[in-house]
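Structural overview
Listed here are the chains, written in short residue letters.
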Amino acid sequence: MKRTVAIGPITLKNFCIFISETRFRLNRAVLRLRSMPRSWGKSSTTLKGSGKPLSSDIAAHPAMKLKGSLSDQERPMSELAKKLEISGYALLTRYRPEADILAVVHEIGVPIEPWEGGLVQLLKPRKDGTPNTYSGNFGLEQFPFHSDLAHWLRPPRYILLRCQVGFEDTPTLLLDGRNLIQRISRPTLSRTVYRPRRPRAGAHTLLRLLETEIDGEELLRWDELFLQPTNRFATDTGHTIGNFIKSYRPLAVALSRPGDILIIDNWRMLHARSPIVAGREGRIIQRVYLGELN
């Protein structure tokens, strides 16, 4: 369907506005293409894996289940996308803990390498860290709710977290962004513009907190640490979001056993790490970003 832009009576002023808005949209499209990591679009079939469809592995691994769905029965992997659409996340328990993570990842979706050498990231609690990281700002305390890489023009669609060493009392906390949208309103979030705390590629890109992609998918972003408001309206909206988060009762999902996998829709859900209590400093989680599901 072609999109048209109404510019009103043909005046020089309206024509200039039309040209300006058109250039803005074209520049946004170019930036989106440039921001896509090189690994996007690579076929997982060209990479080493188990060679079996994930649905066959479920039948062979009765311990693997999709938690939080309509029932707790074993499901074929074709249900994964449906589960993410319904709940915004999916939990796979004790799935092939002995397998290499990339073999598992390529069965589930198309991985993204967000930076060189960052295809698989190890998340370990740290009391001290560099200032540009969550650990450097919050140490072992609870992390604030956020979207991963919210300061990117196009953040990764999915986050895959896989347990190597986990504990039941150190869960990942989830907040459904649809509840946030309902509370704040789509028009308000769509008009709220933030920018990255630091420039990327030498420039500050203006980012709406809620955007609608070309295919109709909504992209919600939030990060109080790496995003900054551009005006008073954005500052006020940020305060409203903060108050909503404080009053929200999040869902706690524990990755407690090797092979436990949590997949999060990063365009919908906000997430946070719970506080690291004494004796839980050995927690190790593997993280991989996915551009899409298989």
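Along each chain, residues carry numbers from 1 onward, in the same order as the chain's sequence is written. In keeping with the model being predicted, local features are shown solely for residues with a pLDDT of at least 70 and side-chain atom pairs are shown and tallied solely at 80 or more, while totals for entire chains, interfaces and linings include all residues. Computation of side-chain values covers all heavy atoms of the structure but excludes hydrogens and water.

1. A few points about the pairing of strand S7 (residues 193-196)
- Strands are treated as partners if at least two bridges between them are detected by DSSP. Going along the chain from the N terminus, every DSSP run of H or I of four or more residues is numbered as a helix, and every run of E of two or more is numbered as a strand. Both S7 and strand S8 (residues 207-208) contribute to a ladder of two bridges, which runs antiparallel. From the neighbouring strand, Tyr194 faces S8, where its bridge partner is Leu207.
- Pairing between S7 and strand S11 (residues 227-229): three bridges, direction antiparallel. Residue pairing for S11: Pro196 is matched across the bridge by Leu227.

2. Considering the confidence of the model for the chain
- Confidence scores here are pLDDT values: one per residue, from the predictor, ranging 0 to 100. Confidence along the chain averages 80 in pLDDT terms, with 73% of residues attaining 70 or more.
- Between two residues, a contact is recorded if the distance between any of their heavy atoms is within 4.5 Å. When the criterion is pLDDT under 50, residues 1-8 qualifies, and its contacts beyond four places in sequence or with other chains add up to six contacts.

3. Focus on the sheet that holds S11
- Ordered by their spatial adjacency, three strands build an open sheet running S8-S7-S11, and the pairing between neighbours is antiparallel. In the strand order of this sheet, the two ends are held by S8 and S11, each with one partner.

4. Considerations on the pairing of strand S6 (residues 172-176)
- Relative accessibility thresholds used throughout: buried, under 20% of the residue-type maximum; exposed, over 50%; partly exposed, between the two (1.4 Å probe, protein chains only). For S6, a buried count of five out of five residues is recorded, marking the element as mostly surrounded by other parts of the structure.
- Judged from the three bridges that link them, S6 and strand S12 (residues 251-253) form a sheet pairing that is antiparallel. Paired with Leu173 across the two strands is Ala252, which belongs to S12.
- Relative to strand S14 (residues 269-273), S6 runs antiparallel, the two sharing five bridges. Counterpart to Leu175 in the pairing with S14 is Leu270.

5. Considering the packing of aromatic side chains
- Side-chain rings of Phe, Tyr and Trp (the six-membered ring for Trp) are treated as a pair once their centres are within 6.5 Å; stacked means planes under 30 degrees apart, edge-to-face means over 60, and tilted covers the remaining angles. Overall, the coordinates contain two aromatic pairs when judged by the stated rule.
- Ring plane angle 75° and centroid distance 5.6 Å describe the contact between Tyr194 and Trp222, whose orientation is recorded as edge-to-face. A residue pair is termed long-range when its members are at least 10 positions apart, and Tyr194 in strand S7 and Trp222 in the loop between strand S10 (218-220) and S11 qualify at 28 residues.
- Looking at Trp222, the relative accessible area reads 5%, which means it is buried.
- On the numbers, 5.5 Å between centres and 45° between planes, the contact of Phe244 with Tyr248 is tilted.
- Its relative accessible area of 12% is what places Phe244 among the buried residues.
- When the ring centre of Tyr89 is taken as origin, the NZ or CZ atom of Lys83, which lies over that ring, is 4.0 Å away. We call a charge positioned over a ring when the NZ of a Lys or the CZ of an Arg lies within 6 Å of the ring centre and within 35 degrees of the ring normal.

6. A closer look at the sheet that holds S12
- If you trace the three strands from one edge of the open sheet to the other, you get S12-S6-S14, paired in antiparallel fashion. Strand pairing shows two members of the sheet lacking a second neighbour, S12 and S14, which therefore form its edges. Neighbour to neighbour, the strand axes of the sheet diverge by 30° on average, direction disregarded. Lines fitted to the C-alpha atoms define the axes, with helices restricted to the stretch that makes contact. Angles between their N-to-C directions range from 0 to 180 degrees.

7. Description of unusual backbone geometry
- Phi is positive for Leu149, close to 55°, though the residue is something other than glycine.
- Although it is not a glycine, Ser185 adopts a positive phi angle of roughly 100°.
- When you line up the elements, Ser185 lands in the loop between helix H6 (177-184) and helix H7 (186-191).

8. Topic: the pattern of salt bridges
- Salt bridge, as used here: a side-chain nitrogen of Lys or Arg that lies within 4 Å of a carboxyl oxygen of Asp or Glu. Across all of its chains, the model carries 12 salt bridges by this definition.
- Salt-bridge contacts for Glu217 lead to Arg157; the nearest nitrogen and oxygen are separated by 3.5 Å. A residue pair is termed long-range when its members are at least 10 positions apart, and Glu217 in the loop between strand S9 (210-212) and S10 and Arg157 in the loop between helix H5 (134-138) and strand S5 (158-165) qualify at 60 residues.
- Members of the salt-bridge network, linked through shared partners, are Arg157, Glu217 and Asp265.

9. Digging into the packing of H6 against helix H8 (residues 232-247)
- Between H6 and H8, the least distance of the axes is 11 Å, while the angle of their chain directions is 125°. By the angle between their axes, H6 is oblique relative to H8. Here H6 runs over H8; the crossing is right-handed. Residue-level contacts link Asn179, Leu180, Arg183 and Ile184 of H6 to Thr237, Thr240, Ile241 and Phe244 of H8.
- Polarity classes work like this: nonpolar for Ala, Val, Leu, Ile, Met, Phe, Trp, Tyr, Cys and Pro, charged for Asp, Glu, Lys and Arg, and polar for all others, with Gly in that last group. Partitioned by chemical class, the residues of the contact of H6 with H8 number four nonpolar, three polar and one charged. Angles below 35 degrees are treated as roughly parallel, those above 145 as roughly antiparallel, those between 65 and 115 as roughly perpendicular, and all remaining angles as oblique. Left-handed is the label given to a crossing in which the near helix is rotated counterclockwise from the far helix by less than a right angle, and right-handed is the label when the rotation is clockwise.

10. Comments concerning the nonpolar core
- Only buried residues count toward a nonpolar core. Its members are Ala, Val, Leu, Ile, Met, Phe, Trp, Tyr and Cys residues joined through side-chain atoms within 4.5 Å. With 22 residues, the main nonpolar core has Leu189 and Ile241 as its most contacted residues.
- Listed by contribution, the elements that provide at least two residues to this core are S6, H6, H8 and S14.
- Looking at this core, the element that brings in the most residues is H8, giving four residues.
- For Leu189, the contacting residues outside a window of four places in its chain are Leu180, Ile181, Ile184, Leu209, Leu210, Leu220, Thr237 and Ile241.

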